Each structure stands twice: as structure tokens, then as C-alpha cells.
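Each chain is listed here by its residues.
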Amino acid sequence: MEKITILGLLLKYEKWLDKGEIQFLGKGTEGRKIVLSMVKDLISDFKKAAEKGGDLSSNLDWHATHKKGRDLWHELASHSLNHINRDSKGNSNLFDFLEAATEFEDLLYGLERYYRDHTLHSLWVYFLGEYILREQLPEIHSNLNWYLFNDIERDESLYSHKLVDNARKKEKKLNKEINKHRDAIWCLIALCHDLGYSLSKLDELNKKVKTVLKFFDLSVFRQVGYSLDVEHQYLVSQFLELMAIDVRIVPSADQKDELVKCYRDDATYWQLCRALEKKQHGILSSYLIYKILGIFQDTSVRGAAEEWGLDDEEAKENVIRGDILFAIAQHEFDFAYLNQLGSLAEILILADELEEFSRYGRKMLSREYHDTTAETRISFKPEKPKIGKEIDMYITYEVSEHHPLGVFFKRKAEQLCRKYSLGQYQAKEKYCSIKSIKLTAEKKGEKYSFHLYSDPSKNKGYLPKSKIGDVEYKAAEYPLTCIDDKIYYIDPKGNKISFDEWFKDENIFYSK
């Protein structure tokens, strides 16, 4: 398993740029020259820092590095937006927002003991996703699931051979057109997925203010916050509808022609409404770009009752824009129920979860930066899996010295439990079903693991020793179960022991 590093990802991206493999930065384009120069500049900085030995934080000028990363973010976002729509407007509003959000984020470093810089994090997630797709999952990269559903093919026994054949041709044509913008779509998803993060932290800011005001005996405090007023509701309604629609190829009333229509998925709509109600940063990020970027203004949301369906251009635009917004919103859903790999939304969740190697934290007391919480590796079996195959996923984290192993392992294992529901998996022809995921966290020769299976009865993990009440448990492998998004060991007497109890003696200080 290859260790993932920032320098390694930059070098890989430089190679793909050189070969002209990034669709929106093809050979001969001015954008490719500019981005290549910026990437080479960052490579030079990280190489020089690595050559000095010790922590990167001690060897890099982080103010200068952050500015270079921000400039690269601007350039990549601009070219990807223009690739999707060469006449795209509102892009400058996005860049202005990033500048304002960066300044605001500087105020938030004291809210958490370790706070991630989300501009650079988004860049690394973008590069990490490219690495996973191009080197680990190349067949998925070439055959992404765009959530375009062919109902005629699914129920082909009900229809004429001609209608089924035409529906397949329609699906193939639409997928081909969407795939022309694949790299630009992923770039926007990755770069914009955390734009709303700082806004979602206002509650934490209010808590800090209250701890000071109590010494003044001031009971009335107007909290910093916001609400979406009635004037916003029309745009919010359209925004939610666009993300919740399924674009489906269906038969006409007389079953002679194939039509492309939009149907609202009520389960998705419920998740989106819940995310907005909780002001999760994923859906806030989606709402921001929907509101300020011109590429979303031409999207058509037509109900299934419409006699005529969408034309090919409308269908393509709905798929592209809906997938961008939904992927960004979904990465922060409480309940994702993932059991496959095939779409960019699923790649975002995986890449975002893996991106621990640059979780640069600033300790407020010493002003010292820590380079990382963990170094990451990922692999799949079979290697470079084929579409329609079941796969096993292996994730290994080498936890840094400054971070408690148990704290890290507990957080990542519970994230796995919340995001993935492998028991619902079924092998399909058009994507890869996940049969199992093994998560390992190690530090100085000590290893903890959690192995999640499609058959829940096989779930197990290697846990450290612990004392719960009067019972002492040795470090060993235990059968584990996921109940209500929590992980438990159920002892021979039927007693449920949660990870909270098992790891209660750890100094839990870490927060995303």
C-alpha cells in the first residue's frame, strides 16, 4: 500500500498535466501552462521543506504556501467552471467569497484545539480523488455512475425490442456527453465541498463568547447567527428540488418513444431538508454555489406529469448540476447508507475521510503547528477492480505521535459505521459493491482495527485492553456490531459495551 503524501499527490498531478490527461486543462491550453507552473512551484516548496528533515511546519513558510494554494484553487475552479459552460458568470463572486471566508476562518482557530485549514484541505481532497480514480479505480473512472436511471432497460420484458434498444442508445449518448466534463465536475465538487464550514461553526463561536460574558453577569446576549427569510424560500425550494430529482429514461404514454423525465426522490428530499434544518456545512456549501454561480441558472426542473420530457441538453445539464450539488451536500449527511463505489459523491466521502495527512493543527498556547494527525494508505482487492465486481477496501492510518491512538481510532471507526451500510449491498452491473472495509490505525507498533462486512455477523475488531466496571478486558479481537450508528461489543452475557465506554480513559480532545 502506497503512503499518500502531499508531495506525492502533487507529483502525480504534474504527470497527468504533462500528458494532457486532465480534460479541462488539455495540451495547448493556456490554463494548463498556468496550472502546471503553479503546481511545480508548490512541488519545489514541499521538496525543499522535506529535504531539511523534521516537521514540514518548521520548514515551510505557511503564509506563502497558503497563498499559492489559494491562487491554484482560483485557477482550477475558473477553468473547470468554464469547461462546463464557457460563458459561465458569477465566478468572481466565488473567488471573492473564498477570500472573505479565509479571513473569517483565521478567527476560528481558537474554537477547536486542532482546526483544519479548509482551502488547502479542499485542494488535497481534489488531488486525492484523482489519485483514487486514476490509479486505484481506473474502470470506475471511465464508467462513473451519474445517477441516470434507465427504467425501460430495467423492465425490458415489458417493452418492445426497439424501445429498449433506443433507451440504451439514449443512456449511452447522455453518459458520453456528461463524461466529457467528468474532470471539471470532480474538481468543482472537491474544491467547493467545505465552503460553508466556517459558517456552520457560529454556534461554537457563540459558546466561547458566553463563557466570557458570564463573568459580567450579562444574561442577555444576541447571538451571532442567521436565518433564511421568506424571500429566500423560492430559491431554496428550487435548490432542494434540483438535488432530489432522479433523471430517468421512461416510456412515453403510448410506449413508442423513450423520454427523459425528472422524478423527485422523497427519501433524498427528506435528507436534504434535514441537513438544511441542521445547517450542515455540506448543504450550506451547495446552496452558496447554487446562489452565486451562473452555471445553475439554466437548469430545468420539470415534474413527471409533463407530457414531454427533457431534451438531451436539458437532461445533461440537470445531471451535471444536480450531481455537483448533491455530492457536496451528501458528504455531511447523518445517514449516507453507502454500500458501493461508482459515483463522484461516493468518491468525495472516501477522499474527505482519508485526508488526514494534512490536517494541520495550530495549538493556540504555543502557536506551534502539527503536520498531520495521520499518514494514510488505501488499497482494494481485487486491485483495479472491474465494474460489477464485489470489492474489499483496506484503509490504514499511521497516527502521529502527538495524537492519541484510541481517540483517532474511535472517531474513524464510528465514521465508518455512520457512513456505510454494507448489509444492503447487491452486486450490480454498473458499479462496484463493497463487500467489506477494514480500517486499521497504528502507532509505534500498536494496532487497532475495525472490519466491517456485508454480513453483519462477521463484523470484528482488534481493541486495546480496557476495564469496564469490575471486568478487565485484554487487548484482543472481539466481535463487534453497529447499532444506531454506534459500535458495540456484546459480551457472552448479552451486555452491550459501547466504544464510548471502552475508550473512556482516552484523553478525548479532538474534534473535526
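Notes on the structure follow. Only a predicted model underlies this, so the values are computations on that prediction, with no experimental measurement involved.

A few points about the overall build of the protein
Within the protein, the regular secondary structure consists of 19 helices and 17 strands. A total of 512 residues make up the protein; the buried ones form 55% of that total. Across the protein, contacts joining residues at least 24 apart in sequence account for 69% of those joining residues at least 6 apart. Surface accessibility of the protein: about 23,800 Å² in total, with carbon and sulfur atoms responsible for 48%.

What to know about the packing of aromatic side chains
By the definition in use, this model includes 23 aromatic pairs. When the ring of phenylalanine 46 is compared with that of tryptophan 124, the centres are 6.1 Å apart and the planes differ by 85 degrees; the resulting orientation is edge-to-face. Of this pair, phenylalanine 46 sits in helix H2 (residues 30–51) while tryptophan 124 sits in helix H6 (residues 118–136), and the two are 78 residues apart along the sequence. Note on accessibility: phenylalanine 46 and tryptophan 124 belong to one class, buried. Here phenylalanine 239 and tyrosine 290 contribute two aromatic rings whose centre-to-centre distance is 5.3 Å and whose plane-to-plane angle is 40 degrees, an arrangement assigned as tilted.

A look at the sheet that holds strand E3 (residues 258–264)
Strands sit in the order E1-E2-E3 across an open sheet of three strands; the sheet is mixed. Strands at the two margins of the open sheet, each flanked by one partner only, are strand E1 (148–150) and E3. Looking at each pair of strands side by side, their axes are set apart by 30 degrees on average, direction ignored. Here seven bridges tie strand E2 (residues 245–251) to E3, and the two strands are oriented antiparallel to one another. Note that in E3 the partner of arginine 248 across the bridge is lysine 261.

Focus: the sheet that holds strand E15 (residues 481–483)
Read across the open sheet, the three strands follow the order E15-E16-E17; overall the sheet is antiparallel. In this open sheet, the two edge strands, each paired with only one partner strand, are E15 and strand E17 (496–498). The average angle at which neighbouring strand axes cross in this sheet is 45 degrees, direction not considered. Bridge count for strand E16 (residues 486–490) against E17 is three bridges, and the pairing is antiparallel. Looking at the pairing, isoleucine 490 lines up with lysine 496 of E17. Sheet strands in contact with helix H18 (residues 405–419) are E15 and E16, and its direction is about 105 degrees off that of E16.

Digging into the packing of helix H10 (residues 182–192) against helix H17 (residues 344–354)
Any two packed helices are characterised by the angle at which their axes cross and by the distance between the axes. Contact pair H10 / H17: the axes reach a minimum separation of 11 Å and the direction vectors enclose 45 degrees. Accordingly, the angle class assigned to the pair H10 and H17 is oblique. In the packing of H10 onto H17, the handedness of the crossing is right-handed. Each of Arg182, Ile185, Trp186, Ile189 and Ala190 in H10 lies in contact with H17, whose residues at this interface are Leu344, Ile347 and Leu348.

Side note on the pairing of strand E7 (residues 374–381)
Counting buried residues along E7, six of its eight residues qualify, which places the element largely inside the surrounding structure. For E7 and strand E8 (residues 390–399), the ladder comprises eight bridges, and the chain directions are antiparallel. Within E8, the residue paired with arginine 377 across the bridge is threonine 396.

Description of the side chain of serine 343
Of note, serine 343 is situated in the loop between strand E4 (340–341) and H17. Setting aside its immediate chain neighbours within four residues, serine 343 contacts Leu144, Asn145 and Tyr147.

Here's the deal with H2
Here H2 is 22 residues long and its end C-alpha atoms lie 32 Å apart, about the 32 Å a rise of 1.5 Å per residue gives. Taken as a whole, H2 has its buried residues at Gly31, Arg32, Val35, Leu36, Val39, Leu42, Ile43, Asp45, Phe46 and Ala49. Directly beyond the C-terminal end of H2, a positive phi value near 80 degrees is found at glycine 53.

Thoughts on the pairing of E8
Across the 10 residues of E8, seven count as buried, placing the element largely inside the fold. In the sheet, E8 pairs with strand E9 (residues 432–443) via nine bridges, with the strands oriented parallel. What sits directly across from aspartate 392, in E9, is serine 436.

Here's the deal with the nonpolar core
Counting residues in hydrophobic clusters, the biggest one holds 143 residues, and the most contacted among them are Tyr13, Leu76, Tyr126 and Tyr420. By residue number, the principal contributor to this core is H6, which donates 10 residues. Those residues in contact with tyrosine 420, other than ones at most four positions away along the chain, are Leu338, Ile349, Leu350, Met393, Ile434, Ile437 and Leu452.

Regarding the side chain of serine 252
Residue placement: serine 252 occurs in the loop between E2 and E3. On the basis of relative accessible area, serine 252 is assigned to the buried category, the value being 11%. Setting aside anything within four residues of it in sequence, one finds serine 252 in contact with Asp257 and Leu259.

Re the pattern of salt bridges
Note that side chains of opposite charge can pair when their charged atoms are close. Evaluated as defined, the whole model comprises 37 salt bridges. Its salt-bridge partner being arginine 154, residue aspartate 151 comes within 3.7 Å of it at the nearest N-O pair. Separated by three residues within a single helix, aspartate 151 and arginine 154 lie in helix H8 (residues 151–154), roughly one turn from each other. One salt-bridge network, in which partners are shared between bridges, spans Glu21, Glu130, Arg134, Arg182 and Asp183.

About the thresholds
Residues numbered from 1 in each chain as written. Predicted model: local features only at pLDDT ≥ 70, side-chain atom pairs only at ≥ 80, totals over all residues. Heavy atoms only, no water. Helix = DSSP H or I, 4+ residues; strand = E, 2+ residues; numbered from the N terminus. Buried < 20%, exposed > 50% of the residue type's maximum accessible area, 1.4 Å probe, protein only. Contact = heavy atoms within 4.5 Å. Areas by Shrake-Rupley, 256 points an atom, 1.4 Å probe, with all protein chains shown as cover. Phe/Tyr/Trp six-rings, centres within 6.5 Å; stacked < 30°, edge-to-face > 60°. Pairing = 2+ DSSP bridges. Axes fitted to C-alpha atoms, helices over the stretch in contact; angles between N-to-C directions. Parallel < 35°, antiparallel > 145°, perpendicular 65-115°, else oblique. Left-handed = near helix turned anticlockwise from the far one by under 90°. Expected span 1.5 Å × (residues − 1). Core = buried A, V, L, I, M, F, W, Y, C linked by side-chain atoms within 4.5 Å. Salt bridge = Lys/Arg side-chain N within 4 Å of Asp/Glu carboxyl O.

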